[in-house]
Amino acid sequence: MSRTVRCLAIMTALVALTGCGAKNTVKKWVGLDEAGPTDYTGPAYPPSQAVTVAFQPGQVDRTCRVFAEALVQFPAKYSGKDMETAVLAEARTRGANQVLIGQTRQSKDDDGLHFLYYGPAHEYTCTDQCGGWKFGFDLWEQQGEWASVGYREWGKAGAVFETPLVMQMAMLRCQ
């Protein structure tokens, strides 16, 4: 019996034994849950009051640990100010003290604002591996041209991007 057939048989048996109300729990147990692989599943920290921004790993304090890696999808017509507001609000909600912004590319799709989380499995310090940007490559490689989002654009209401964008980002907790 193939592995897939066994998994489906086990899932069917578990649903039959536990009732229909347990469908989502059973799906989660066998890896078929409806939550996407890019939903946030990292540590739950209390919301932070202030978040600083870095554009280079060298700007991150040695005590900071990466606890979330994400690609952020921005819709067309977003400004640098809109991007800053969205990223900092999400980072504060997750309890980040700092965010590290990576590269940005034009997006093939305009699905609105989305944070696509990719891990990490375990927190790590920036001195260990920040800036490698190895997560989300399957989506990242499908995107368009590079877009410049740096100090000149970040937080600026006048820096409006006509196309949707995808940005690399890491959230850090600093002690």
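Basis of the calculations
Residues numbered from 1 in each chain as written. Predicted model: local features only at pLDDT ≥ 70, side-chain atom pairs only at ≥ 80, totals over all residues. Heavy atoms only, no water. Helix = DSSP H or I, 4+ residues; strand = E, 2+ residues; numbered from the N terminus. Buried < 20%, exposed > 50% of the residue type's maximum accessible area, 1.4 Å probe, protein only. pLDDT = per-residue confidence, 0-100. Contact = heavy atoms within 4.5 Å. Core = buried A, V, L, I, M, F, W, Y, C linked by side-chain atoms within 4.5 Å. Phe/Tyr/Trp six-rings, centres within 6.5 Å; stacked < 30°, edge-to-face > 60°. Salt bridge = Lys/Arg side-chain N within 4 Å of Asp/Glu carboxyl O. Disulfide = S-S within 2.5 Å.

## Some words on the environment of Glu141
Then, number 1: Here Glu141 shows up in the loop between α5 (137-140) and β7 (146-147).
Then, number 2: The class of Glu141 is partly exposed, set by a relative accessible area of 49%.

## A few points about the confidence of the model for the chain
Then, number 1: Averaged over every residue, the pLDDT of the chain is 84; the share at 70 or more is 79%.
Then, number 2: Per-element averaging of pLDDT across the chain places helix α2 (residues 23-29) at the bottom with 41 and helix α3 (residues 80-94) at the top with 98.
Then, number 3: Scored below 50 in pLDDT, residues 13-35 makes 16 contacts in the model with residues more than four places away or belonging to other chains.

## Here's the deal with the nonpolar core
Then, number 1: Of all hydrophobic cores here, the largest spans 27 residues; its most connected members are Phe74, Met83, Val99, Met169 and Met171.
Then, number 2: Elements supplying a minimum of two residues to this core: β2 (65-74), α3, β4 (98-106), β5 (114-119) and β9 (165-173).
Then, number 3: Met169 has contacts with Ala68, Glu69, Ala70, Val72, Val87, Val99, Leu100, Ile101, Phe115, Trp133 and Phe135, leaving out every residue within four places of it along the chain.
Then, number 4: Listed in part, the 17 residues of the second largest apolar core include Cys126, Cys130, Trp133 and Trp140.

## So, the packing of aromatic side chains
Then, number 1: Counted by the stated rule, this structure contains eight aromatic pairs.
Then, number 2: A centroid spacing of 5.1 Å and a plane angle of 75° characterise the contact between Tyr45 and Phe67, whose relative ring orientation is edge-to-face. Linking Tyr45 in the loop between α2 and β1 (52-54) with Phe67 in strand β2, this pair joins segments that are 22 residues apart in sequence.
Then, number 3: Using a relative accessible area of 1% as the deciding quantity, one classes Phe67 as buried.
Then, number 4: Here Phe55 and Tyr151 contribute two aromatic rings whose centre-to-centre distance is 4.7 Å and whose plane-to-plane angle is 65°, an arrangement assigned as edge-to-face.

## Some remarks on the pattern of salt bridges
Then, number 1: Throughout the structure, instances matching the rule amount to four salt bridges.
Then, number 2: Glu123 is paired through a salt bridge with Arg65; the nearest N and O atoms lie 3.7 Å apart. Remark: Arg65 occurs in strand β2 and Glu123 occurs in the loop between β5 and β6 (124-125); sequence separation between them is 58 residues.
Then, number 3: A salt bridge links Glu90 to Arg94; the shortest N-O distance between them is 3.2 Å. Linking Glu90 with Arg94, this pair stays in helix α3, spanning four residues, or about one helical turn.
Then, number 4: Look at Arg94 and you get partly exposed, because its relative accessible area is 24%.

## Examining the state of the cysteines
Then, number 1: All told, the structure shown has two disulfides when counted by the stated rule.
Then, number 2: Two residues, Cys64 and Cys174, share a disulfide whose sulfurs are 1.9 Å apart. Handedness here is read from the sign of the S-S torsion; for Cys64 and Cys174, about 105°, the answer is right-handed. Of this pair, Cys64 sits in the loop between β1 and β2 while Cys174 sits in the segment after β9; the two residues are 110 residues apart in sequence, bridging distant segments of the chain.
Then, number 3: On the accessibility criterion, Cys174 (22% relative accessible area) is partly exposed.
Then, number 4: Sulfur-sulfur distance for the disulfide between Cys126 and Cys130 comes to 1.8 Å. Disulfide Cys126-Cys130: the torsion about the S-S bond is -60°, which places it as left-handed. Neither residue differs from the other here; Cys126 and Cys130 are each classed as buried.

## Digging into the side chain of Thr38
Then, number 1: Relative to the assigned elements, Thr38 resides in the loop between α2 and β1.
Then, number 2: Residue Thr38 is classed as buried on the basis of its relative accessible area, which comes to 16%.
Then, number 3: With near-sequence residues (within four places) excluded, Thr38 lies in contact with Phe115, Leu116, Tyr117 and Tyr118.

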